[in-house]
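# Fold and geometry: a report
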Amino acid sequence: MSGREVRFIVLEDHPPGSAAQVAADLSGDGGRVVAGWRRPPPGTEVVCIGTVRDPHDAAAAVLCAVGGARLVVEAGGNRELIDRLCDDLRRLGDLDHRVGGPDG
């Protein structure tokens, strides 16, 4: 991403457990990893990790992002939902959308 700080990572078709490692890497500069879409208190460095399967999940994830959290999303929804989520996240910061597993 050419030196810019990635704030959001969306994983599609990745093996179970890979999101936890990605979140640990993303929080390497001191952020705390939390499961689920909980908005962080102001001034708190948080990486939220969870699955997006439906519009409710997507809305909750975007609200966390608006609140300042970094995200690692396991994409479990249909193509339209995931594309819309990625578009929304790109409006808020740098997105790394990884498709096809860690080597794909």
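Scroll up to find the structure this text is about.
Anyway, here's the lowdown on the structure attached to this text. (Residues numbered from 1 in each chain as written. Predicted model: local features only at pLDDT ≥ 70, side-chain atom pairs only at ≥ 80, totals over all residues. Heavy atoms only, no water.)

## Looking at the overall build of the protein chain
Counting its secondary structure elements, the protein chain contains three helices and five strands. Mapped in sequence order, the helices and strands of the protein chain form the string β-α-β-β-α-β-α-β. Radius of gyration (C-alpha) of the protein chain: 12 Å, near the 13 Å computed for a compact globule of 104 residues. When its C-alpha atoms are laid out on the principal axes, the protein chain stretches across 35 × 30 × 25 Å. (Helix = DSSP H or I, 4+ residues; strand = E, 2+ residues; numbered from the N terminus. Rg over C-alpha atoms; globule rule 2.2 N^0.38 Å.)

## Structural notes on unusual backbone geometry
Not every positive phi belongs to a glycine, and Asp13 is a case in point at roughly 60°. Note on placement: Asp13 falls in the loop between strand S1 (6–12) and helix H1 (18–26). Judged by relative accessible area, Asp13 falls into the exposed class, the value being 63%. (Buried < 20%, exposed > 50% of the residue type's maximum accessible area, 1.4 Å probe, protein only.)

## Structural notes on helix H3 (residues 79–92)
The terminal C-alpha atoms of H3, which comprises 14 residues, lie 20 Å apart, in line with the 20 Å expected from a rise of 1.5 Å per residue. Considered for burial, the residues of H3 that qualify are Leu81, Ile82, Leu85, Cys86 and Leu89. For H3, the arc enclosing every buried residue in end-on projection is 130°, short of the 170-degree limit, so these residues lie on one face. Of the residues in H3, the exposed ones pointing more than 90 degrees away from the buried face are Glu80 and Arg91. The elements touched by buried residues of H3 are S1, strand S3 (46–52), helix H2 (55–66), strand S4 (70–75) and strand S5 (94–99). Between a side-chain oxygen at the N-terminus of H3 and the backbone nitrogen of Glu80 the separation is 3.2 Å; the capping residue is Asn78. (Expected span 1.5 Å × (residues − 1). Arc of directions from axis to C-beta. Contact = heavy atoms within 4.5 Å. Polar contact = N/O pair within 3.5 Å; in protein donor to acceptor, adjacent residues only side chain to side chain.)

## A closer look at the state of the cysteines
For the structure on display, the rule yields zero disulfides. You can see Cys86 has no disulfide; the closest cysteine sulfur is in Cys64, sitting 16 Å from it. (Disulfide = S-S within 2.5 Å.)

No statement about biological role is implied by the geometric values presented.
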